[in-house]
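# Structural overview for review
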Amino acid sequence: MPGKSLTRWLFRIGDLFAFAAGLAVVILVLMTVVAVVGRYVFGQPIFGIEDVSRVLLAFVVAGSIAYGAKRGAHVHVDVISMQAGHKVLRVTDIIARLIGIAVVSFTAYSLFTKGLCGKACGYFTPNLSIPYMPFYFALALSMALFGLILLVDLISGKPVEEHTPDEEGELF
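The sections below set out a description of the structure shown in this document. Given the structure is predicted, the values throughout are model-derived calculations rather than measurements.

The next thing to look at is the overall build of the protein chain. Assigned secondary structure in the protein chain consists of six helices and zero strands. Element order for the protein chain, N to C, with α for helix and β for strand: α-α-α-α-α-α. Residues classed as buried in the protein chain amount to 34% of the 172 residues present. Taking as baseline every contact in the protein chain between residues at least 6 positions apart, the subset at least 24 positions apart corresponds to 79%. Roughly 10,400 Å² of accessible area belongs to the protein chain as shown, and the carbon and sulfur atoms make up 72% of that amount.

The following block contains the structure:
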């Protein structure tokens with residue numbers, strides 16, 4: 001059974017992803033205000049603002065995936081638990097987690113390999129030529145973290161439910 005230190009470590013990483021996502025949202029809001037005022041004052045858009053917004057949104061998504069995994073906040077349907085007993089629920093939890101681990105692992109691998117190609121494959125923003133590589137890696141790490149949290153929950157036998165704040169070690 002995985003130790004509490006591994007779980008806390010994974011949750012700390014989830015907190016860092018959430019912090020980065022929150023910071024990206026604040027920057028997006030400030031950029032939007034500047035862009036609107038700039039368009040009104042100067043009569044034209046700020047060059048490259050769409051590129052910066054696009055890459056910041058990747059951080060928002062990465063942070064949301066990691067934080068949602070940490071909190072157990074991703075969508076799950078309780079129909080089975082209402083209709084079947086705990087034994088059936090336990091089996092379906094195992095199956096769902098195994099499928100989830102496979103899907104997020106494949107997604108993390110795909111994002112990582114796509115990010116490795118970088119500028120050679122034309123993976124950069126159109127106006128400012130910001131490479132997508134670090135953002136692919138952030139998304140890949142976020143998905144890998146999701147898979148690790150699913151694996152730890154599977155090994156520990158934790159039922160599908162929201163994690164408690166005591167075991168998370170909240171940073172903020």
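Quick look at the side chain of serine 142 now. Relative to the helices and strands, serine 142 is located in helix α5 (residues 133-156). Non-local contacts of serine 142, meaning those with residues more than four positions away in its chain, are made with Phe17, Ala62, Ile65 and Ala66.

Right, let's get into helix α4 (residues 86-117). Every α-helix carries 3.6 residues per turn, so stepping three or four residues along brings you back to the same face. The end-to-end C-alpha distance of α4, which contains 32 residues, comes to 46 Å, matching closely the 46 Å that a straight helix rising 1.5 Å per residue would cover. Along α4, the residues that are buried comprise Asp93, Arg97, Gly100, Ile101, Val104, Ala108, Leu111 and Gly115. Along its buried surface, α4 packs onto α5. Glycine 118, located one to two residues past α4, shows a positive phi value of around 60°.

Turning our eyes to something else, we now look at the packing of α4 against α5. Axis separation between α4 and α5 bottoms out at 8 Å; the angle between their running directions is 160°. Between α4 and α5, the crossing angle belongs to the class labelled roughly antiparallel. With respect to the hand of their crossing, α4 and α5 are arranged in left-handed fashion. Grouping the constituent residues of the contact of α4 with α5 by class yields 19 nonpolar, four polar and four charged.

Counted under the stated rule, the structure contains one disulfide. Covalently, cysteine 117 is tied to cysteine 121 through a disulfide, its sulfur atoms 1.4 Å apart. Handedness of the cysteine 117-cysteine 121 disulfide follows from its S-S torsion of about 60°: it is right-handed. Judged by its relative accessible area of 27%, cysteine 117 is partly exposed.

What follows concerns a nonpolar patch on the surface. Together, Val25, Val29, Val33, Val37, Tyr40, Val41 and Phe42 make up an exposed nonpolar region whose accessible area comes to about 770 Å². Residue position: phenylalanine 42 is located in helix α1 (residues 4-42). Note on phenylalanine 42: relative accessible area 66%, which makes it exposed.

Cut-offs applied
- Residues numbered from 1 in each chain as written.
- Predicted model: local features only at pLDDT ≥ 70, side-chain atom pairs only at ≥ 80, totals over all residues.
- Heavy atoms only, no water.
- Helix = DSSP H or I, 4+ residues; strand = E, 2+ residues; numbered from the N terminus.
- Buried < 20%, exposed > 50% of the residue type's maximum accessible area, 1.4 Å probe, protein only.
- Contact = heavy atoms within 4.5 Å.
- Areas by Shrake-Rupley, 256 points an atom, 1.4 Å probe, with all protein chains shown as cover.
- Expected span 1.5 Å × (residues − 1).
- Axes fitted to C-alpha atoms, helices over the stretch in contact; angles between N-to-C directions.
- Parallel < 35°, antiparallel > 145°, perpendicular 65-115°, else oblique.
- Left-handed = near helix turned anticlockwise from the far one by under 90°.
- Nonpolar A, V, L, I, M, F, W, Y, C, P; charged D, E, K, R; others polar.
- Disulfide = S-S within 2.5 Å.
- Patch = residues over 30% accessible without salt bridge, like charges linked within 9 Å, V, L, I, M, F, W, Y side chains within 5 Å.
- Salt bridge = Lys/Arg side-chain N within 4 Å of Asp/Glu carboxyl O.

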